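So the chains spell out like this:
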Amino acid sequence: MSLCLLIFPLLSLLAFIGSHLASGPFIWLSFLTLGIWVILAGNLIQSLISLLTGKRRKAIFPLLAILLHSDFIFAIWQPPFHCKDITEEKNKELTLITYNCSHFNWTKLWTMNEAVREIEKINPDILCLQEAPNTDYYNQDSIDKAFDYLPYKIQSYRTDHLPIAIYSRYPITPVDTIYYKDSYNLSIIADINIKGKEIRIINNHLQTTSVNAHRGFIMDSKMPLKSRLRELKLFLYTMKENYRKRRNQVNIISKKIKNSPYPVLVCGDFNDIPSSYTYKTIRKSLTDSFCAAGSGYQYTFRQLFKALRIDYIIHSKDFISLRNYSPEFSYSDHNMVVWEGRLRE
């Protein structure tokens, strides 16, 4: 078999390794997980050409390479009939929304009140925000009034990290706020008492990829090529460091999940896609609610061709997912994710 025919299957294998190993030299393989769309497309085209030209044996490796990432495929797409029937309201015990809302100041528009009206229509019991609105953007009275239909809340207060918050219809007990070292990112952990039953919420905003910070300069054709290449080199180094930071952050969260004394819901902006070490480490023994009760194609980052799912609601086996969907609004560069479910009896 020609060496060229092994390129995409090999890249698929290396990406698979990078999704499970993210330390030492293997961290460079994490870059391939971000390009999984291109790798899978290459394998698909190669297999189709082989099949259509009667060279079926040459289609084996690219088809196996696609199957190797079947978990990624089903983490972004589920059959349209997959969503469970929740017409009986009594089956739905809990609604949770996670939303990186960009401070409700995306594109410099003040959209908090308008966005909150849309959120209120969904009627969440728990609302987890990343890049939450704070006094850098709105006065505190306006924030309190906007979310007064959810009477309990906890939020981060350190100004050297991006704000994060949990609002709830039910009483909240703060457990921990993890301010990650050398990062603007953080996670917040809380217990919520739902009609006498304790559950644990872990709301995360993990290390950014820094794509937006460098993309404009690199793609600007008016800039000298040498300057753009220098920026590309800086971008690759920054991404490597951010993968390392995100790996350390997710290892911390994984231990928090393992040690939880209560049923756990893990949500937030992971800044990584389902083919990544981040996603696979957090998910492990947990259930991705989209895989359990989603329908169709789901992306949560509204830029980059709407190709990235990086916001999640993942839960322990103590919960039953009834519905997971991601409505699109223009208040942020992210979509919110909505989960409806209940505790197992």
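Rules used in this analysis
- Residues numbered from 1 in each chain as written.
- Predicted model: local features only at pLDDT ≥ 70, side-chain atom pairs only at ≥ 80, totals over all residues.
- Heavy atoms only, no water.
- Helix = DSSP H or I, 4+ residues; strand = E, 2+ residues; numbered from the N terminus.
- Rg over C-alpha atoms; globule rule 2.2 N^0.38 Å.
- Areas by Shrake-Rupley, 256 points an atom, 1.4 Å probe, with all protein chains shown as cover.
- Lys, Arg positive; Asp, Glu negative; His and termini not counted.
- Charge placed at Lys NZ, Arg CZ, Asp CG, Glu CD.
- 1 Å grid on protein atoms, 1.4 Å probe; cavity = no way out; pocket = protein on both sides within 12 Å on 5 of 7 lines; lining within 4 Å.
- Points joined across faces, edges and corners; volume = space filled by probe spheres on them.
- Nonpolar A, V, L, I, M, F, W, Y, C, P; charged D, E, K, R; others polar.
- Contact = heavy atoms within 4.5 Å.
- Axes fitted to C-alpha atoms, helices over the stretch in contact; angles between N-to-C directions.
- Left-handed = near helix turned anticlockwise from the far one by under 90°.
- Pairing = 2+ DSSP bridges.
- Core = buried A, V, L, I, M, F, W, Y, C linked by side-chain atoms within 4.5 Å.
- Buried < 20%, exposed > 50% of the residue type's maximum accessible area, 1.4 Å probe, protein only.
- Patch = residues over 30% accessible without salt bridge, like charges linked within 9 Å, V, L, I, M, F, W, Y side chains within 5 Å.
- Salt bridge = Lys/Arg side-chain N within 4 Å of Asp/Glu carboxyl O.
- Phe/Tyr/Trp six-rings, centres within 6.5 Å; stacked < 30°, edge-to-face > 60°.

Chemist: Account for the overall build of the protein chain, naming residues and giving values.
Modeler: The secondary structure content of the protein chain amounts to 11 helices and 14 strands. For 345 residues, the compact-globule formula gives about 20 Å, and the C-alpha radius of gyration of the protein chain, at 21 Å, lands near that figure. For the protein chain, the spread of C-alpha atoms along the three principal axes comes to 65 × 50 × 35 Å. A total accessible area of about 16,900 Å² is found for the protein chain, and carbon and sulfur atoms account for 59% of it. One way to put it: in the protein chain the 42 positive side-chain charges average out to a point 10 Å from where the 31 negative ones average out.

Chemist: Describe empty space enclosed by the protein, naming the residues involved and giving the relevant values.
Modeler: Here the structure, examined in full by the defined rule, presents one cavity of 30 Å³ or more. Taken as a whole, the largest cavity encloses approximately 60 Å³ of empty space. Listing elements by their share of the lining of the largest cavity, those giving two or more residues are helix 2 (30-34), helix 9 (225-258) and helix 10 (277-283). Ranked by the residues each element gives to the lining of the largest cavity, the list is headed by helix 9, at three residues. In terms of residue class, the lining of the largest cavity is built from three nonpolar, five polar and three charged.

Chemist: Let's hear about the environment of Ser-276: which residues, and what values?
Modeler: With respect to the helices and strands, the residue Ser-276 is situated in the loop between strand 9 (264-269) and helix 10. For the pair Ser-276 and Tyr-299, spaced 23 residues apart in sequence, the C-alpha to C-alpha distance is 15 Å. When sequence neighbours within four positions are dropped, the list of residues in contact with Ser-276 reads Ser-19 and Thr-33.

Chemist: Outline the packing of helix 1 (residues 7-18) against helix 3 (residues 36-52), listing residues and values.
Modeler: For the pair helix 1 and helix 3, interaxial distance at closest approach is 9 Å and the crossing angle is 145°. Between helix 1 and helix 3 the crossing geometry is left-handed. Together, Phe-8, Pro-9, Leu-11, Ser-12 and Ala-15 of helix 1 and Ile-36, Val-38, Ile-39, Gly-42, Asn-43 and Gln-46 of helix 3 make up the contact between the two elements. Of the residues belonging to the contact of helix 1 with helix 3, the class tally is seven nonpolar, four polar and no charged.

Chemist: I'd like to hear about the pairing of strand 6 (residues 172-179), residue by residue, with values.
Modeler: Within a regular strand, the side chains alternate between the two sheet faces. Note: strand 6 against strand 7 (residues 186-194), seven bridges, orientation antiparallel. Each residue of the ladder has a partner; that of Pro-174, found in strand 7, is Ala-190.

Chemist: Which residues make up the nonpolar core, and what values do they have?
Modeler: The biggest cluster of nonpolar side chains holds 24 residues, and the ones touching the most others in it are Tyr-99, Phe-104, Leu-127, Leu-129 and Phe-147. Secondary structure elements with two or more residues in this core: strand 2 (94-100), helix 6 (112-122), strand 3 (126-130), helix 7 (140-146) and strand 5 (164-168). With five residues, the top contributor of residues to this core is helix 6. Beyond its immediate chain neighbours, meaning those up to four positions away, Phe-104 contacts Tyr-99, Leu-109, Trp-110, Thr-111, Met-112, Ala-115, Ile-119, Leu-129, Pro-133, Tyr-138, Phe-147 and Tyr-331. By size, the runner-up hydrophobic cluster in this structure holds 23 residues, among which are Leu-94, Cys-128, Ile-199 and Cys-267.

Chemist: Requested: an account of the packing of helix 3 against helix 4 (residues 60-67), with residues and values cited.
Modeler: Between helix 3 and helix 4, whose axes approach to 8 Å, the crossing angle comes to 145°. Helix-helix and strand crossings are classified by hand; for helix 3 and helix 4 the assignment is left-handed. In this structure, helix 3 contributes Leu-40, Asn-43, Leu-44, Gln-46 and Ser-47 to the contact, and helix 4 contributes Pro-62, Leu-63, Ala-65 and Ile-66.

Chemist: An account of a nonpolar patch on the surface is requested, with residue identities and associated values reported.
Modeler: The grouping of Leu-6, Ile-60, Phe-61, Leu-64 and Leu-67 at the surface amounts to a nonpolar patch, some 460 Å² of accessible area in total. The topology assignment puts Leu-67 in helix 4.

Chemist: Please set out the side chain of Ser-102 residue by residue, giving values where relevant.
Modeler: Mapping Ser-102 onto the fold places it in the loop between strand 2 and helix 6. Non-local contacts of Ser-102, meaning those with residues more than four positions away in its chain, are made with Gln-130, Glu-131, Ser-332 and Asp-333.

Chemist: Before we move on, could you go through the packing of aromatic side chains and cite the residues and values that matter?
Modeler: A full pass over the atoms with the stated rule returns 14 aromatic pairs. With 5.2 Å between their ring centres and 40° between their planes, Tyr-279 and Tyr-312 make a pair best called tilted. Separated by 33 residues along the polypeptide, Tyr-279 in helix 10 and Tyr-312 in strand 12 (residues 311-315) bring together distant segments of the chain. Overall, Tyr-279 belongs to the buried group, its relative accessible area being 3%.

Chemist: I'd like a rundown of the pattern of salt bridges, residues and numbers included.
Modeler: Counted under the stated rule, the structure contains 13 salt bridges. Ionic pairing is found between Lys-240 and Glu-241, a salt bridge with its closest N-O pair at 3.4 Å. Connected through shared salt-bridge partners, Lys-240, Glu-241 and Arg-244 make up one network.

Chemist: Quick rundown of the layout of surface pockets? Include the residues and the values.
Modeler: The space that makes up the second largest pocket amounts to roughly 320 Å³. Along its surface, the second largest pocket is lined by 22 residues, and Asn-134, Thr-135, Ser-156, Tyr-157 and Pro-163 are the ones closest to its centre. Of all the secondary-structure elements, those providing two or more residues to the lining of the second largest pocket are helix 7, strand 4 (152-155) and strand 5. Among the elements that make up the lining of the second largest pocket, the one with the highest residue count is strand 5 (three residues). The residue makeup of the lining of the second largest pocket, split by class, is 11 nonpolar, eight polar and three charged.

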